[in-house]
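Descriptive structure summary
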Amino acid sequence: MKLRKRGRIVVHIILLLGLIIVVFPFIWMLLTSFKTHAEAVQVPPCIFPKHLNLEGYTKIFTELPFLQVYCNTIISTIVTVVAQVVLCSMAGYAFGRLEFPGKNVIFLLILSVLMVPGQIFLVPQYLIIMHMGLLDTIAALFLPNLFSAFGTFLLRQFFMSLPKELEEAAVLDGCNQFQTFGKIMLPLAKPGIVSLVIFTAKFAWNDFMWPLIVNTSLDKTILGPALSALQGQYTNDYTGQMAGAVLSVIPIVILFFIFQKQFIEGVAQAGIKG
Amino acid sequence: MSIPNGQAQGLVRQKNKAKYRGWLCAYLFIAPLMIGLIVFYIIPFIQSVLYSFTDIDSFNNATFIGMANYQKMFTDPDMWRSLGNTLLWVVITVPIGILLSLIVAALLNTNIKGKSAYRTLYFLPVVTMPAAIAMVWKWIFNGQFGILNQFLALFGIPAHNWITDPKYAFWMVMIVGIWSAMGYNMVILLAGMQGISGSYYEVASIEGANPFQQFFKVTLPLLTPTLFFVLLTSIISGFQVFDIIYMMIGKGSPAYESTQTILMLYYRNAFDYSNKGYASAVAVFLFLIILVITAVQMKLQKKWVNYD
């Protein structure tokens, strides 16, 4: 829509006011994390810390297994992303491009998993992990998340949109199905795979309820539940809490700023196609 | 000329062999995923439904007790309060959240500069960890040292314990819920708006429609399919709110009851009280609510959604 100059200024003012509310918590979190305890609880408020005080950061690393939690989060995220890319692209390719008996019935099964609210699986999943003797292990953090109905659906849509001639050319060139998949189709599905990587990385990094349930030891959990523990342990220590919050959002925020176009377009596309 | 019988059979056999090999290959492609989905999702779904008719003791032995969990659920004041809170959450946060994201999307759909910078920053809360977000807002709302009270004091508004006082707590958590979901809907709505052909606006402006009229007469009607999608997904995720409330309202908080949603009730029963049978009934009930609401919306959409 075309606006005249005065209209544009009004639009900027409204958007900037909204932006203050959106961004303020991030700035406040960052500023508080560098304050001393006295500065943090000062009335009237102290906006900027006098010095960059690292007390909050050193405390969470010395008094909590924060480094271990950080490594757990990284491991869990990487394993989940890699497994989902491999498993979902293979299955997505088969559902999108191959013919086999029972295909529609099996695919319907995947769609139904997609439609059920995730919490309904939790109690049995917990019991399975328990029977496998995996409670309180790193593997428990990601095991059910390796298999994604959403990712399979996403990549199936993507594989379906590729032209059929490519496959025929590959067959003429003497590729078998595995070669056609690996050498021709997979590279072409890259934009779809990038979307899946981003969605999965955001999900795995920020996961909360599942790790909260399966892993009760602090050194076996990931950042979300660890923040909850941090909050319980240092009820009145806001510099430590904010330092933990800053560290837990930084990697995903950096990733977001690098890939913001893919992040946003992935979401936008999901909306249009939905 | 006809192909000798034996050779034709050979060809058919060869063709069949290739076909079976193709099938086998397809099954190999889907097998790893399907095994995982069956073990961790499909069987657990059936188990949850079965568990909801049982009593599970602390050693996880289940005894069949028929409809008792459901009977208990419908007479449990805790359940009704949680359901009421969840409905309140959905009824308040979904319309306000969609309205705000619609306004921001409409403003970003104009010919102003810096659109992609705005879009990126408004999306920031969507990617950040709900647990961290909840912690920061809790600190902002803190009754003693929180910046909100200090800011309000400038206008002579007295300090409140925003998140420990049951009167305010749920409303404050709702503000955070709206804040964190807004960017997501904004991006989807904006994409929908950008899919509307510019020629509609040209015609509208030739006919003398001002930007407001253009928005209500052109944008809004053509945006209804996107609005429908946003409404559907927002309601579904509204029923599943958990992280923010769990983080902001601690176990011992005086506001615990007034902020307990269905999923909090489920979590408490399944993992704090070891009431896994009852919790499964709650999960099945939540599933049925979502199913019914989705079905009703699918029916109602014919009345207000335009597909051209």
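Now for a quick tour of the structure. (Residues numbered from 1 in each chain as written. Chains lettered and ligands numbered in written order. Predicted model: local features only at pLDDT ≥ 70, side-chain atom pairs only at ≥ 80, totals over all residues. Heavy atoms only, no water.)

1. Looking at the side chain of S253(B)
All names here are of chain B. So the rule is basically this: Secondary structure elements follow DSSP: runs of H or I of four or more residues count as helices, runs of E of two or more count as strands, with numbering from the N terminus. A 1.4 Å probe rolled over the protein chains alone gives each residue an accessible area, and that area as a share of the maximum for its type sets the label: buried under 20%, exposed over 50%, partly exposed in between. Definition of a polar contact: a pair of N or O atoms within 3.5 Å, with one able to donate and the other able to accept a hydrogen when the atoms are protein atoms, and with sequence-neighbouring residues admitted only if both atoms are side-chain atoms.
By the secondary structure assignment, S253 is in the loop between helix 11 (243–248) and helix 12 (262–272). On the accessibility criterion, S253 (15% relative accessible area) is buried. A distance of 3.0 Å separates the side chain of S253 from the backbone nitrogen of A255, its partner in a polar contact.

2. Things to note about helix 5 (residues 130–140) of chain B
Of all eleven residues in helix 5 of chain B, nine are buried; the element is thus mostly enclosed. Of all the residues in helix 5 of chain B, the buried ones are A131(B), A132(B), I133(B), A134(B), M135(B), V136(B), W137(B), W139(B) and I140(B).

3. Notes on the environment of D76(B)
Residue and element names in this part refer to chain B. Tracing the backbone through its elements, the reader meets D76 in the loop between helix 2 (68–75) and helix 3 (77–108). Look at D76 and you get buried, because its relative accessible area is 13%. Engagement of the side chain of D76 in a polar contact is seen with the side chain of Y278, the distance being 2.7 Å.

4. Here we look at unusual backbone geometry
Backbone geometry places D136(A), a non-glycine residue, at a positive phi of 65°. With respect to the helices and strands, D136(A) occurs in the loop between helix 6 (122–131) and helix 7 (138–142).

5. Describing the packing of helix 4 (residues 66–97) of chain A against helix 11 (residues 190–206) of chain A
Residues and elements named next belong to chain A. Our working rule: Only the contacting stretch of a helix is used when fitting its axis, a line to C-alpha atoms as for every element, and angles between N-to-C directions run 0 to 180 degrees. Take the far helix as the reference: if the near one is turned anticlockwise from it by less than a right angle, the crossing is left-handed, and if turned clockwise, right-handed. The contact criterion used is simple: two residues touch if any of their non-hydrogen atoms lie within 4.5 Å. Each residue is assigned to one class: nonpolar for Ala, Val, Leu, Ile, Met, Phe, Trp, Tyr, Cys and Pro, charged for Asp, Glu, Lys and Arg, and polar for all the others, Gly among them.
The N-to-C vectors of helix 4 and helix 11 enclose an angle of 145°; their axes lie 9 Å apart at closest approach. The interaxial crossing formed by helix 4 with helix 11 has right-handed handedness. In contact with Y70, T73, I74, T77, T80, V81, Q84, V85 and C88 of helix 4, helix 11 contributes I193, L196, V197, T200, A201, A204 and W205. Split into classes, the residues belonging to the contact of helix 4 with helix 11 amount to eleven nonpolar, five polar and no charged.

6. Some details on the pattern of salt bridges
Residues and elements named next belong to chain A. What counts, and what does not: The working definition used for a salt bridge is a side-chain nitrogen of Lys or Arg within 4 Å of a carboxyl oxygen of Asp or Glu.
All told, the structure shown has eight salt bridges over all chains when counted by the stated rule. Of the charged contacts in the structure, one is a salt bridge between R97 and E167, with a shortest N-O distance of 3.3 Å. Taken together, the residues R97 in helix 4 and E167 in helix 9 (residues 165–172) connect sequence positions 70 residues apart. Take R97 and E167: they sit in the same class, and that class is buried. Between E167 and K164 there is a salt bridge; the shortest N-O distance is 3.8 Å. The class for E167 is buried, based on a relative accessible area of 10%. We classify K164 as partly exposed; its relative accessible area is 49%.

7. Let's talk about the packing of aromatic side chains
What counts, and what does not: Ring pairs are drawn from Phe, Tyr and Trp, using the six-membered ring of Trp, whenever the two centres fall within 6.5 Å, and their geometry is named by plane angle: stacked under 30 degrees, edge-to-face over 60, tilted for the rest. Over a ring means this: the NZ of a Lys or the CZ of an Arg is within 6 Å of the ring centre and within 35 degrees of the ring normal.
For the coordinates displayed, the defined rule picks out 42 aromatic pairs over all chains. For the ring pair F121(A) and Y41(B), a centre distance of 5.0 Å and an interplane angle of 80° mean the geometry is edge-to-face. Taken as a pair, F121(A) in the loop between helix 5 (103–115) and helix 6 and Y41(B) in helix 1 (residues 5–51) lie in two separate chains rather than in one. Classification of F121(A) as buried rests on a relative accessible area of 4%. A connected cluster of aromatic rings, assembled from ring pairs, spans Y126(A), F208(A), F242(B), Y246(B), Y267(B) and F271(B). In this structure, K35(A) is placed above the aromatic ring of W28(A), and the distance from its NZ or CZ to the ring centre is 4.0 Å.

8. Description of helix 7 (residues 169–194) of chain B
Convention followed: Here, expected helix span is obtained from the residue count minus one, scaled by 1.5 Å.
The first and last C-alpha atoms of helix 7 of chain B sit 38 Å apart over 26 residues, in line with the 38 Å expected at 1.5 Å per residue. Among the 26 residues in helix 7 of chain B, 21 count as buried, and that is most of the element.

9. Observations concerning the packing of helix 3 of chain B against helix 7 of chain B
Residue and element names in this part refer to chain B. For clarity, the threshold we go by: Roughly parallel means an angle under 35 degrees; roughly antiparallel means over 145; roughly perpendicular covers 65 to 115; every other angle is labelled oblique.
Between helix 3 and helix 7, the least distance of the axes is 7 Å, while the angle of their chain directions is 40°. Between helix 3 and helix 7, the interaxial angle falls into the category oblique. Between helix 3 and helix 7 lies a crossing whose hand is right-handed. Looking at side-chain class alone, the contact of helix 3 with helix 7 contains 21 nonpolar, six polar and no charged residues.

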